[in-house]
Amino acid sequence: MKVIITVNYDEMSKKAAEIVKKQIKEKHNTVLGLATGSTPLGMYKLLIEMYKRGEIDFSNVITFNLDEYIGLSPDHPQSYHYFMFHNFFNHINVKKENVHIPNGIAEDLEEECRKYEGEIEKAGGIDLQILGIGVNGHIGFNEPEESIETKTHVVTLTEDTINANKRFFKSAEEVPRKAITMGLGSIMKAKKIVLLASGKNKAEAIKETIKGQLTTKVPATVLALHPDVTIIIDKEAASLIPDEDLKEIEVII
Ligand code: F6R
C-alpha cells in the first residue's frame, strides 16, 4: 500500500488526475472504475480540463461506476447516473455505450447485479478503480456488517451513510434506503486501486484502513490485501495516522 499525503484537496485531486491520465496514455482502452460523491469532483474537473487541452482521449475508455441508489431514475438529480453525466461524462468524449452504471430502477434487481458483474468481466476487468471512502469506512456502498457479499449486490444503507449523504437531498427521509453496489470482491479484482479522501471526518476511517488489520466493520481494510493500492489523502484525512504507521508509508507532501 502506497500512501501519499498532500497539503490540500486540490493537490490530492491533481495527483489522482495525473494517475488517470498516465493510465489512459498507457492503455487507450482502459477500463476505469469510478466513484461519485464530493471527493472525486476535483479530479473530474481536472480530467475535463486535460481533455479540453487535448491531453487525454476518452474515446476508447470504458467506465464502470461503483454504485447507484435503488428507486432513482437516471434523470433524477440525486441519482449517480445524473451525477456522472453532469459532472464528468457530458464534458469528455467517452462513448455513451462504454459507460456502465448499475440500473437502480431495474425490475429484477438480482438479475441487474448479475448482469453488471458479467459486464465487468466481459470488458476484461477493471484496470484502474477510483474509490472514495465513507466516514464509516465503506467503499462503494459496502457498509460495515458482520458479513459482506463479495459480488455486485443490493445493500441496505446504514444510518451513518444516510446522514452523510442527506446533504445532497432536501431531507434525510428522501435519501434512498437501498442501493446496488459492486462488492468488495468486484473491487479487489481491479488491477490498480486509488483511494481518495479529504477532510477530518475521514481521518478515523483512513487510520483504520492503513493499520493493516482486516475487519468487515471497516470494509476499506480489505484493501490491505491488494497488491497495487495507492491512497491519496490530504493532511486532515491523515491527521489520526499514528507516528509508527506514518514511518512505514511513503509520504509526499
Ligand atoms: C460513491 C461511493 C461512496 C463514496 C463515499 C464518500 O460512488 O461509492 O463510497 O465514495 O461515500 O463520499 P464523499 O466523497 O461524498 O465523501
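All values derive from a computational prediction rather than experimental measurement.

Quick look at the sheet that holds strand β9 (residues 192-197) now. Strands sit in the order β1-β10-β9-β6-β2-β3-β5 across an open sheet of 7 strands; the sheet is parallel. Unpaired on one side and paired on the other, β1 (2-6) and β5 (99-100) mark the two borders of the sheet. When strand β6 (residues 128-131) meets β9, the two strands line up parallel, connected through 4 bridges. Counterpart to leucine 128 in the pairing with β9 is lysine 192.

Below, the discussion takes up the pattern of salt bridges. Inspection of every chain in the model, using the stated rule, returns 13 salt bridges. Between lysine 189 and glutamate 121 there is a salt bridge, with the nearest N and O atoms lying 3.9 Å from each other. On the criterion of sequence distance, the pair formed by lysine 189 in the loop between α6 (184-188) and β9 and glutamate 121 in helix α4 (residues 109-122) is long-range, its members being 68 residues apart. Using a relative accessible area of 54% as the deciding quantity, one classes glutamate 121 as exposed. The residue lysine 191 makes a salt bridge to aspartate 127 at a minimum N-O spacing of 3.3 Å. Taken together, the residues lysine 191 in the loop between α6 and β9 and aspartate 127 in the loop between α4 and β6 connect sequence positions 64 residues apart. Several salt bridges converge on common partners, so that one network encompasses Glu204, Lys207, Glu208 and Lys211.

Moving on: the layout of surface pockets. When its volume is computed, the largest pocket comes out at roughly 620 Å³. Along its surface, the largest pocket is lined by 37 residues, and Thr36, Gly37, Ser38, Asn165 and Arg167 are the ones closest to its centre. When contributions to the lining of the largest pocket are tallied by element, the ones reaching two or more residues are β4 (67-69), α3 (80-87) and α5 (159-165). Top element by residues in the lining of the largest pocket is α3. It accounts for 5 residues. Here the residues of the lining of the largest pocket sort into 17 nonpolar, 17 polar and 3 charged.

This part is about the packing of helix α1 (residues 9-26) against helix α2 (residues 41-52). Between two packed helices, the angle of one axis relative to the other and the distance separating the axes together describe the packing. Contact geometry for α1 and α2: axes closest at 8 Å, N-to-C directions at 50 degrees. Judged by the inter-axis angle, α1 sits oblique to α2. In this structure, α1 meets α2 at a crossing whose hand is right-handed. Contacts between α1 and α2 involve Tyr9, Ser13, Lys14, Ala16, Ala17, Glu18, Val20 and Lys21 on the former and, on the latter, Leu41, Gly42, Met43, Leu46, Leu47 and Met50. Of the residues that constitute the contact of α1 with α2, the class distribution is 9 nonpolar, 2 polar and 3 charged.

Attention shifts here to the site of the ligand. Not every one of the 14 residues close to the ligand is listed here, only the nearest: Thr39, Asp67, His138, Gly140 and Lys202. Between the ligand and the protein, one listed contact pairs an oxygen atom with a side-chain N or O atom of aspartate 67 at 2.7 Å. With respect to the ligand, the side chain of histidine 138 contributes an N or O atom lying 2.7 Å from an oxygen atom. Summarising the interface, the protein chains cover 94% of the accessible area of the ligand, which totals 410 Å² for the free molecule. With respect to the pocket detection grid, the ligand is positioned in the largest pocket. Broken down by class, the residue content of the shell around the ligand amounts to 3 nonpolar, 8 polar and 3 charged.

Cut-offs applied
- Residues numbered from 1 in each chain as written.
- Predicted model: local features only at pLDDT ≥ 70, side-chain atom pairs only at ≥ 80, totals over all residues.
- Heavy atoms only, no water.
- Pairing = 2+ DSSP bridges.
- Helix = DSSP H or I, 4+ residues; strand = E, 2+ residues; numbered from the N terminus.
- Salt bridge = Lys/Arg side-chain N within 4 Å of Asp/Glu carboxyl O.
- Buried < 20%, exposed > 50% of the residue type's maximum accessible area, 1.4 Å probe, protein only.
- 1 Å grid on protein atoms, 1.4 Å probe; cavity = no way out; pocket = protein on both sides within 12 Å on 5 of 7 lines; lining within 4 Å.
- Points joined across faces, edges and corners; volume = space filled by probe spheres on them.
- Nonpolar A, V, L, I, M, F, W, Y, C, P; charged D, E, K, R; others polar.
- Axes fitted to C-alpha atoms, helices over the stretch in contact; angles between N-to-C directions.
- Parallel < 35°, antiparallel > 145°, perpendicular 65-115°, else oblique.
- Left-handed = near helix turned anticlockwise from the far one by under 90°.
- Contact = heavy atoms within 4.5 Å.
- Near = heavy atom within 4 Å.
- Polar contact = N/O pair within 3.5 Å; in protein donor to acceptor, adjacent residues only side chain to side chain.
- Areas by Shrake-Rupley, 256 points an atom, 1.4 Å probe, with all protein chains shown as cover.
- Sits in = over half its atoms within 2 Å of the grid points.

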